[in-house]
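# Structural characterization, general
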Amino acid sequence: LFRSLKSRIPKIIEFPDYSLEELMQIFRGDLLKRGYEDDMSDETLRELIGREMVKEDFGNARGVRNLCDRVIEKHNERMNERDLSGLSDDDILSITDEDFRL
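These numbers were taken from a predicted model, which means no experiment stands behind them.

## Focus: the overall build of the chain
Across its full length, the chain carries five helices and two strands. Along its sequence from the N terminus, the chain presents helices and strands in the succession α-α-β-α-α-α-β. Relative to the compact-globule value of 13 Å for 102 residues, the chain shows a C-alpha radius of gyration of 18 Å, a clear excess of over 25%. If one aligns the C-alpha atoms of the chain with their principal axes, the spans along those axes are about 65 × 25 × 20 Å. Per-residue burial over the chain gives 28% buried out of 102 residues. A sequence separation of at least 24 residues applies to 66% of the contacts in the chain between residues at least 6 apart. On the chain, roughly 7500 Å² of surface is accessible, and the fraction owed to carbon and sulfur atoms is 49%. Taken as two groups, the 17 positive and 25 negative side-chain charges of the chain have centres that lie 11 Å from each other.

## Here's the deal with the packing of helix α2 (residues 20-33) against helix α3 (residues 42-53)
At a minimum axis distance of 10 Å, the contact between α2 and α3 shows a crossing angle of 110°. Comparing the axis directions of α2 and α3 gives the class roughly perpendicular. Where α2 approaches α3, its residues Leu20, Glu21, Leu23, Met24, Phe27 and Arg28 are matched on the opposing element by Asp42, Leu45, Arg46, Ile49, Gly50 and Met53. Considered class by class, the residues forming the contact of α2 with α3 number seven nonpolar, one polar and four charged.

## A look at unusual backbone geometry
The phi torsion of most residues other than glycine is negative, and most of the peptide bonds are trans. Although it is not a glycine, asparagine 60 adopts a positive phi angle of roughly 60°. With respect to the secondary-structure elements, asparagine 60 resides in the loop between α3 and α4 (61-80).

## Notes on the nonpolar core
Inside soluble globular proteins, nonpolar side chains tend to come together where they are buried. In terms of nonpolar packing, the biggest core is built from 17 residues, with Phe27, Leu31, Ile49, Ile95 and Phe100 touching the most fellow members. If you list the elements that add at least two residues to this core, you get α2, α3 and α4. When residues of this core are assigned to their parent elements, the largest contribution, five residues, is made by α4. Other than its neighbours up to four places away in sequence, isoleucine 95 contacts Leu31, Tyr36, Glu37, Asp38, Asp39, Met40, Val71, Ile72, His75 and Phe100.

## Let's talk about the packing of α3 against α4
Closest axis-to-axis distance for the α3/α4 pair is 11 Å, and the angle between their directions is 125°. It follows that α3 is oblique to α4 by the angle criterion. Read as a crossing pair, α3 and α4 show a hand that is right-handed. Contact with α3, carried on its side by Leu48, Ile49 and Glu52, involves Val64, Leu67, Arg70 and Val71 of α4 and no other residues of that element.

So, how was this worked out
Residues numbered from 1 in each chain as written. Predicted model: local features only at pLDDT ≥ 70, side-chain atom pairs only at ≥ 80, totals over all residues. Heavy atoms only, no water. Helix = DSSP H or I, 4+ residues; strand = E, 2+ residues; numbered from the N terminus. Rg over C-alpha atoms; globule rule 2.2 N^0.38 Å. Buried < 20%, exposed > 50% of the residue type's maximum accessible area, 1.4 Å probe, protein only. Contact = heavy atoms within 4.5 Å. Areas by Shrake-Rupley, 256 points an atom, 1.4 Å probe, with all protein chains shown as cover. Lys, Arg positive; Asp, Glu negative; His and termini not counted. Charge placed at Lys NZ, Arg CZ, Asp CG, Glu CD. Axes fitted to C-alpha atoms, helices over the stretch in contact; angles between N-to-C directions. Parallel < 35°, antiparallel > 145°, perpendicular 65-115°, else oblique. Nonpolar A, V, L, I, M, F, W, Y, C, P; charged D, E, K, R; others polar. Core = buried A, V, L, I, M, F, W, Y, C linked by side-chain atoms within 4.5 Å. Left-handed = near helix turned anticlockwise from the far one by under 90°.

And the structure:
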């Protein structure tokens, strides 16, 4: 199928990868869209995304969205282990560096 399409559509469209900084913005934007607070350090996020970027199957923005899913899961596990009665909604929905220990 690919060969037949290639012969009919001679143009090549390149989609350059996002930079690390752009991927950080995508990650943070995804968190905010999902209703979470962004309370993490740039250093921790850079390290986490940097480790993902070197993986052979890393899918750029898709990979960062998948990473966001995993971080939220880790956050929810951490919240389930705590007594939430004394925490505000902001505290409960705040993603911190602690949630990056995947």
